[in-house]
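# Residue-level structural notes
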Amino acid sequence: MIKSLAKHTNRKFWGWGYADFCLTEAENTAIEEAGRLLAPEGGTPVSIPQLAEYNLPKPRISPPAALKPLLSSTPYDRLFHAYGQSCADILRMLMRDAPNPPDFVAFPKTQKDISHLLEWMEKDNIAAIPFGGGTSVCGGVEPDVGDTYNGAVSIDLQYLDKVLQIDPVSRAAHFEAGIFGPDLENALRPHGLTLRHFPQSFGFSTLGGWIATRAGGHFATQYTHIDDLVESIAMQTPRGPLSSRRLPGSGAGISADRMMLGSEGTMGIITDAWVRLQ
Ligand SMILES: Cc1cc2nc3c(=O)[nH]c(=O)nc-3n(C[C@H](O)[C@H](O)[C@H](O)COP(=O)(O)OP(=O)(O)OC[C@H]3O[C@@H](n4cnc5c(N)ncnc54)[C@H](O)[C@@H]3O)c2cc1C
C-alpha cells in the first residue's frame with residue numbers, strides 16, 4: 001500500500017508510465033539483442049527500484065499547522081516529484097540517486113490553498129515548484145534549487161482538474177490547469193469537440209504544463225502549438241492573481257498570454273485557462 005496524499009498513485013515513481021506497465025516478451029528479447037550488440041562483454045542488470053532503497057534527506061522546513069493537511073513528505077510523494085522524465089532523470093532514478101527531492105509536496109484543492117501556500121513560501125524563502133504531470137525533459141520540475149532557499153516545495157496541481165465550462169457556440173472550453181490530456185478530451189468528445197493538442201506525452205501531461213512549456217502537439221498536424229489554442233489564462237502569483245481577458249482576438253498592447261505561455265513556473269501557478277476548440 002503506497003503512502004501518499006496524491007489522487008493518482010498508480011504511476012511509477014522512478015520512470016515513465018503506470019507501475020504495472022510491463023514490456024512484452026518480444027520487447028524484452030529485442031532489448032537483450034540490442035544489449036549484446038552495444039555491450040558484447042555483458043552488463044550488470046539493474047533491478048526495479050524500490051522506495052526503501054533511496055537515502056532521502058530529512059525535510060529542512062516546518063510548515064505552519066494550517067497548511068499541514070495539504071502537505072506530504074512520504075517517500076513515494078517526494079521521489080515522484082524529485083525528477084521529470086528525461087533520459088538523465090530516469091537513469092539517476094535507476095542509480096538510486098535522488099539527493100534533492102522536494103522537502104514537501106503540496107496538493108492544493110482550491111485557488112485559496114495555492115495563495116496560502118505561496119504566502120507561506122514567500123515569507124519563509126522556500127522555492128515553489130509547480131508540478132503538472134511531471135513529464136518535463138529539461139529539469140523544469142527538479143527541486144535542486146541551491147542554498148539560497150531554505151527549502152523547496154513541489155506544488156502538484158492534480159486536484160485542480162475540473163471542467164468548468166464547455167461553450168459549443170463559441171467553440172471554447174474552460175478547464176482547471178491540472179486536468180490530464182485524456183480527461184480533457186473525454187469531456188469534449190460527447191459535444192463533438194476536440195482541443196486537438198496531442199503531445200507525445202499526452203497521457204501523462206496536463207493543460208497547465210502544456211501552457212507553461214509552450215508544448216507542441218507532435219502527434220497532430222496543422223495547429224499543434226498550445227500557443228494558438230489558448231484564449232485566456234489565470235494564474236496565482238506570489239503578488240496575487242493575474243489573468244488575461246477572454247477575447248476572440250486582440251492586437252492591443254502587451255500580450256499577457258504570451259508572457260505566461262512558456263513561463264515554466266517562474267511567474268506563478270496557472271490555475272485555469274480557456275482554450276479554443278475544433
Ligand atoms: C515521452 C515524452 C514525450 C514528450 N512529447 C512532447 C511533445 O510531443 N511535445 C512537447 O511539447 N513536449 C513533449 N514532452 C515534454 C513534456 O511532456 C511537455 O513539456 C509537457 O507540456 C509538460 O507537461 P506536464 O503537465 O507534464 O508539466 P510538468 O512536467 O509537470 O511541468 C513542466 C514545467 O511547467 C511548469 N508547470 C507545470 N504545471 C504548471 C502550472 N499549472 N502552472 C505553472 N507552471 C506549471 C513546471 O514547473 C515545469 O517548469 C514529452 C516528454 C516526454 C517524457
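See the structure shown above.
This section reports on the structure supplied with the text. (Residues numbered from 1 in each chain as written. Predicted model: local features only at pLDDT ≥ 70, side-chain atom pairs only at ≥ 80, totals over all residues. Heavy atoms only, no water.)

### Focus: the site of the ligand
The condition is simple: Here a residue is considered near a molecule or strand provided that any single heavy atom belonging to it is located within 4 Å of it. Between N or O atoms, a polar contact is any pair within 3.5 Å; within protein, one atom must be a potential hydrogen donor and the other a potential acceptor, and residues adjacent in sequence are included only when both atoms are from side chains. Using a 1.4 Å probe, the Shrake-Rupley method yields the accessible areas, and only the shown protein chains count as cover for residues. Only DSSP runs of H or I covering at least 4 residues are called helices, and only runs of E covering at least 2 are called strands; the numbering of each starts at the N terminus. When residue character is reported, Ala, Val, Leu, Ile, Met, Phe, Trp, Tyr, Cys and Pro are called nonpolar, Asp, Glu, Lys and Arg charged, and the others, Gly included, polar.
Taken together, 32 residues lie near the ligand, and P130, G132, T135, S201 and E264 sit nearest. At 2.9 Å, a backbone N or O of G133 approaches an oxygen atom of the ligand. Relative to its free-state accessible area of 970 Å², the ligand is covered by the protein chains to the extent of 89%. For the shell around the ligand, the secondary-structure elements that each account for two or more residues are strand 3 (126-131), helix 6 (207-213) and strand 9 (269-276). Sorting elements by how many residues they give to the shell around the ligand places helix 6 first, with 5 residues. A class-by-class count of the residues in the shell around the ligand yields 13 nonpolar, 18 polar and 1 charged.

### Focus on the nonpolar core
Note the cut-off: By nonpolar core is meant a set of buried Ala, Val, Leu, Ile, Met, Phe, Trp, Tyr and Cys residues that side-chain atoms within 4.5 Å join together. Only protein chains enter the accessibility calculation, which uses a 1.4 Å probe; a residue is then buried when its area is under 20% of its type maximum, exposed when over 50%, and partly exposed in between.
In terms of nonpolar packing, the biggest core is built from 26 residues, with L188, L195, L207, I211 and I226 touching the most fellow members. When residues of this core are assigned to their parent elements, the largest contribution, 4 residues, is made by helix 6. The next biggest cluster of nonpolar side chains, apart from the first, holds 17 residues, and it includes L67, L71, F104 and I126.

### Side note on helix 5 (residues 181-188)
The line we're drawing: It is the directions from the helix axis to the C-beta atoms whose arc is reported. The contact definition used throughout considers only heavy atoms, calling two residues in contact when any of these lie within 4.5 Å.
Buried within helix 5 we find G181, L184, E185, A187 and L188. Each buried residue of helix 5 lies within a common arc of 160° when the element is viewed along its axis, so the set occupies one face. Packing partners of the buried residues in helix 5 comprise strand 5 (163-167), strand 6 (172-176) and helix 6.

### Quick word on a nonpolar patch on the surface
The condition that has to hold: Note that patches include only residues with greater than 30% relative accessible area and no salt bridge, and the join distances are 9 Å for like charges and 5 Å for nonpolar side chains (Val, Leu, Ile, Met, Phe, Trp, Tyr). Definition used for salt bridges: Asp or Glu carboxyl oxygen within 4 Å of a side-chain nitrogen of Lys or Arg.
A surface patch of nonpolar side chains, about 290 Å² in accessible area, is lined by W16, Y18 and F21. Looking at where W16 falls in the secondary structure, it is placed in the segment before helix 1 (25-38). With relative accessibility at 36%, the residue W16 sits in the partly exposed group.

### Regarding the sheet that holds strand 5
What counts, and what does not: The pairing criterion is simple: DSSP has to find at least two bridges between the two strands. Under this scheme, a helix contributes an axis fitted over its contacting stretch, all axes are lines through C-alpha atoms, and angles between N-to-C directions fall in the 0 to 180 degree range.
Pairing within the open sheet is antiparallel, and its 5 strands lie in the order 5-6-9-7-8. At either margin of the open sheet sits one strand with a lone partner, and together these are strand 5 and strand 8 (240-243). Put simply, the sheet's adjacent strands are angled 10° from each other on average, direction ignored. Strand direction decides the pairing type here: strand 7 (residues 230-237) and strand 8, joined by 4 bridges, are antiparallel. Paired with Q236 across the bridge in strand 8 is P241.

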